[in-house]
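Observations on the model geometry
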Amino acid sequence: MINHPTGDGVKPLSHIAFIMDGNGRWAKKRGMPREYGHTIGAGTFRKIAEYCFRQNIGTVTVYAFSTENWKRPKQEVDSIMRILDSYIKLGMAEMAKDNVRIRFLGDKSPLSDSLRREMLELEEKSAANKYALNIAVNYGGRAELVNAVNRLVSSGEKELNEDMISSALYTAGQPDPDLIVRTGGEMRLSNFLTWQSVYSELYFTDVLWPDLTERDIDLAAENYYNRQRRFGGV
Ligand code: IPE
Ligand code: IPE
Ligand code: MG
């Protein structure tokens, strides 16, 4: 359970973002193909997202596939897309019935027609729901910024400000992540939420994504609440 402290100067943990890393290594350790790690990781994703919502964290964002992940062998890319497809039809469709608003962050255009259609349907169907779940697919922070700037420029804007850029991102209207958790031991952001992460607290754990538990979320939240967020002040 997460104990959300209240009081002056405490910024509640209202948006948590995950870099779901370590699926491949998790499978390899078991002598299994990397794809198996992605399948089990998809189950972890649902368990963790639902736990966060139950613990009153209103927004959860997960990094599922980056603009750089296309470099992987076609077989692995195909299998990630298949897992995503079946997860949209089953797990996410159930979550959408459970008051979860699902949005996909990233450029959908290179995805298959059927996957794109399912994503749009799920976004529309769940649009009035309370809890926000963002799934970053074919997402890159730099591509997101370039795309936002191009859109503003082509709509005739000559001089941009921060609010205009924020409103042209995939996350328009949503709060920035308070905490970014990366599993799998690497200490980098790998092109995740470049604009939105400037004041996020970062938490790195060696736990591989498929092994992540509710207890690990409690620990990350406790760690978050023990930090002082100064946002440049004193
Ligand atoms: C993260 O796990 C999932 C995706 C990038 C799709 P990895 O597949 O990167 O797993 P490792 O880092 O190789 O163990
Ligand atoms: C980051 O993991 C992307 C996702 C979790 C979707 P990667 O495994 O692709 O990142 P790098 O290659 O270690 O930076
Ligand atoms: Mg990785």
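Note: the structure precedes this text.
One structure accompanies this document, and this report is about it. (Residues numbered from 1 in each chain as written. Chains lettered and ligands numbered in written order. Predicted model: local features only at pLDDT ≥ 70, side-chain atom pairs only at ≥ 80, totals over all residues. Heavy atoms only, no water.)

1. Thoughts on the overall build of the chain
Summing up its helical and strand segments, the chain has seven helices and six strands in all. In sequence order, the chain lays out its α and β elements as β-α-α-β-α-β-α-β-α-α-β-β-α. A compact globule built from 234 residues should have a C-alpha radius of gyration of about 17 Å, and the chain, at 18 Å, falls within 12% of that. Within the span of the chain, comprising 234 residues, buried residues form 50% of the whole. When the accessible area of the chain is evaluated, it comes to approximately 12300 Å², of which 51% is carbon and sulfur surface. (Helix = DSSP H or I, 4+ residues; strand = E, 2+ residues; numbered from the N terminus. Rg over C-alpha atoms; globule rule 2.2 N^0.38 Å. Buried < 20%, exposed > 50% of the residue type's maximum accessible area, 1.4 Å probe, protein only. Areas by Shrake-Rupley, 256 points an atom, 1.4 Å probe, with all protein chains shown as cover.)

2. A look at the site of ligand 1
Taken together, 13 residues form the shell around ligand 1, and within it Met20, Asp21, Arg25, Arg34 and Arg72 come nearest. Contact distances for ligand 1 include 3.2 Å between an oxygen atom and a backbone N or O atom of Asn23. Side-chain polar atom of Arg34 to an oxygen atom of ligand 1: 2.9 Å apart, as the coordinates give it. Compared with its free state, where it exposes 380 Å², ligand 1 has 87% of that area covered by protein. Most atoms of ligand 1, that is more than half of them, are within 2 Å of grid points of the largest pocket. Secondary-structure elements contributing two or more residues to the shell around ligand 1 are α1 (23-29), α2 (34-54) and α3 (74-97). The biggest single contributor to the shell around ligand 1 is α1, with three residues. (Near = heavy atom within 4 Å. Polar contact = N/O pair within 3.5 Å; in protein donor to acceptor, adjacent residues only side chain to side chain. 1 Å grid on protein atoms, 1.4 Å probe; cavity = no way out; pocket = protein on both sides within 12 Å on 5 of 7 lines; lining within 4 Å. Sits in = over half its atoms within 2 Å of the grid points.)

3. A look at the site of ligand 2
Every residue lining ligand 2 is accounted for by Ile19, Met20, Asp21, Tyr63, Ala64, Phe65, Asn69, Arg72, Arg182, Arg188 and Ser190. For ligand 2, an oxygen atom lies 2.9 Å from a polar atom in the side chain of Asn69. Here an oxygen atom of ligand 2 and a side-chain polar atom of Arg188 are 2.8 Å apart. Protein chains shield 78% of the accessible area of ligand 2, which is 390 Å² for the free molecule. Applying the majority rule of atoms within 2 Å of the grid points places ligand 2 in the largest pocket.

4. Remarks on the environment of Ser167
Turning to its location among the elements, Ser167 is positioned in helix α6 (residues 162-167). Taking the C-alpha atoms as reference points, Ser167 and Leu152, 15 residues apart in sequence, are found 9.9 Å from one another. Within the structure, Ser167 has its side chain in polar contact with the backbone oxygen of Asp163 (distance 2.7 Å).

5. Considerations on the packing of α2 against α3
Relative to each other, α2 and α3 sit at 30°, their axes nearing to 10 Å. One way to sum up the angle between α2 and α3 is to call them roughly parallel. Note on packing geometry: the crossing formed by α2 with α3 is right-handed. Along the contact surface, α2 presents Arg34, Glu35, His38, Thr39, Ala42, Gly43, Phe45, Arg46, Ala49, Glu50 and Phe53, while α3 presents Gln75, Glu76, Ser79, Ile80, Ile83, Tyr87, Gly91, Met92, Glu94 and Met95. Residue composition of the contact of α2 with α3, grouped by class: nine nonpolar, six polar and six charged. (Axes fitted to C-alpha atoms, helices over the stretch in contact; angles between N-to-C directions. Parallel < 35°, antiparallel > 145°, perpendicular 65-115°, else oblique. Left-handed = near helix turned anticlockwise from the far one by under 90°. Contact = heavy atoms within 4.5 Å. Nonpolar A, V, L, I, M, F, W, Y, C, P; charged D, E, K, R; others polar.)

6. Side note on the pairing of strand β6 (residues 201-204)
Burial along β6 is one-sided: the residues Glu201 and Tyr203 are buried and none of Leu202 and Phe204 is. Pairing geometry for strand β5 (residues 179-182) and β6, over four bridges, is parallel. From the neighbouring strand, Arg182 faces β6, where its bridge partner is Phe204. (Pairing = 2+ DSSP bridges.)

7. With respect to the sheet that holds β5
If you walk across this open sheet you meet the six strands as β3-β4-β2-β1-β5-β6, and the pairing is parallel. Sheet topology places β3 (100-105) and β6 at the edges, where each strand pairs with a single neighbour. Neighbour-to-neighbour, the strand axes of the sheet open up by a mean angle of 20°, direction not taken into account. Pairing of strand β2 (residues 59-66) with strand β4 (residues 131-139), which is carried by seven bridges, proceeds in the parallel orientation. Its bridge partner being in β4, Val62 is matched across the sheet by Ile135. Contacts from helix α4 (residues 113-125) reach β3 and β4, with the element oriented near 140° to β3.

8. So, the side chain of Asn191
Within the fold, Asn191 resides in the loop between β5 and β6. In this structure Asn191 comes out as buried when scored by relative accessible area, which is 18%. There is a polar contact of 3.2 Å between the side chain of Asn191 and the side chain of Glu68. Excluding anything up to four places from it in sequence, Asn191 contacts Tyr63, Thr67, Glu68, Tyr139, Gly140, Gly141 and Arg142.

Bear in mind that shape data such as this cannot, by itself, settle questions of function.
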